[in-house]
Amino acid sequence: MKTILNVIWLIFAGLWLALGYVAAGILCCVLIITIPFGIASFRIAGYALWPFGRTIADKPSAGAWSTIGNVIWLIVAGIWLAIGHIVTAIPLFVSIIGIPLGIANLKMIPISLMPLGKDIVPVSRA
């Protein structure tokens, strides 16, 4: 079932969201000091392409630097990516088939706002 949901997700939401994360990652990698944000953005782009069967977990080793980084990320790219999730979720909620996809889209907003200190793991490890 998760493979079917992932394929439908990829067509209707995943590709566009992943492109947004890749664009943010490229922008962050161009600015040398924000390369860790770019790496996190590329990691989330993979999650945005194929989210079902994976979940978000807190990294136990994350410290104060990840909190500071999340504040910078929120200002630079997080708000725009969260808006992208909301704009993508609205049309998904219109159709009955898209409701689970819209819910999954809204569940991705926290990691789009604060990606540092988080890890993407299979559901079986969560």
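Above this text sits the structure in question.
Heads up: these notes are all about the structure in this document.

Definitions and limits used
Residues numbered from 1 in each chain as written. Predicted model: local features only at pLDDT ≥ 70, side-chain atom pairs only at ≥ 80, totals over all residues. Heavy atoms only, no water. Helix = DSSP H or I, 4+ residues; strand = E, 2+ residues; numbered from the N terminus. Rg over C-alpha atoms; globule rule 2.2 N^0.38 Å. Contact = heavy atoms within 4.5 Å. Areas by Shrake-Rupley, 256 points an atom, 1.4 Å probe, with all protein chains shown as cover. Disulfide = S-S within 2.5 Å. Buried < 20%, exposed > 50% of the residue type's maximum accessible area, 1.4 Å probe, protein only. Arc of directions from axis to C-beta.

**Side note on the overall build of the protein**
Secondary structure summary: the protein contains five helices and two strands in total. Ordered by position in the sequence, the α and β elements of the protein form the string α-α-β-α-α-α-β. Scaling as 2.2 N^0.38, a compact globule of 126 residues should have a C-alpha radius of gyration of about 14 Å, and the protein matches this with 14 Å. On the principal axes, the C-alpha backbone points of the protein span a range of 45 × 30 × 20 Å. Counting contacts in the protein only where the partners sit at least 6 residues apart, residues at least 24 apart contribute 74% of the total. Surface accessibility of the protein: about 7,200 Å² in total, with carbon and sulfur atoms responsible for 79%.

**Quick look at the state of the cysteines**
The tally for this structure, following the rule as stated, stands at zero disulfides. The cysteine Cys28 is free of any disulfide, with Cys29 supplying the nearest cysteine sulfur at 7.1 Å.

**Here's the deal with helix H4 (residues 99-107)**
Along H4, the residues that are buried comprise Leu101, Gly102, Ala104 and Asn105. Buried positions in H4, seen along its axis, are confined to an arc of 160° and lie on one side of it. Each element contacted by the buried residues of H4 is listed here: helix H1 (2-30), helix H3 (64-94) and helix H5 (109-113).

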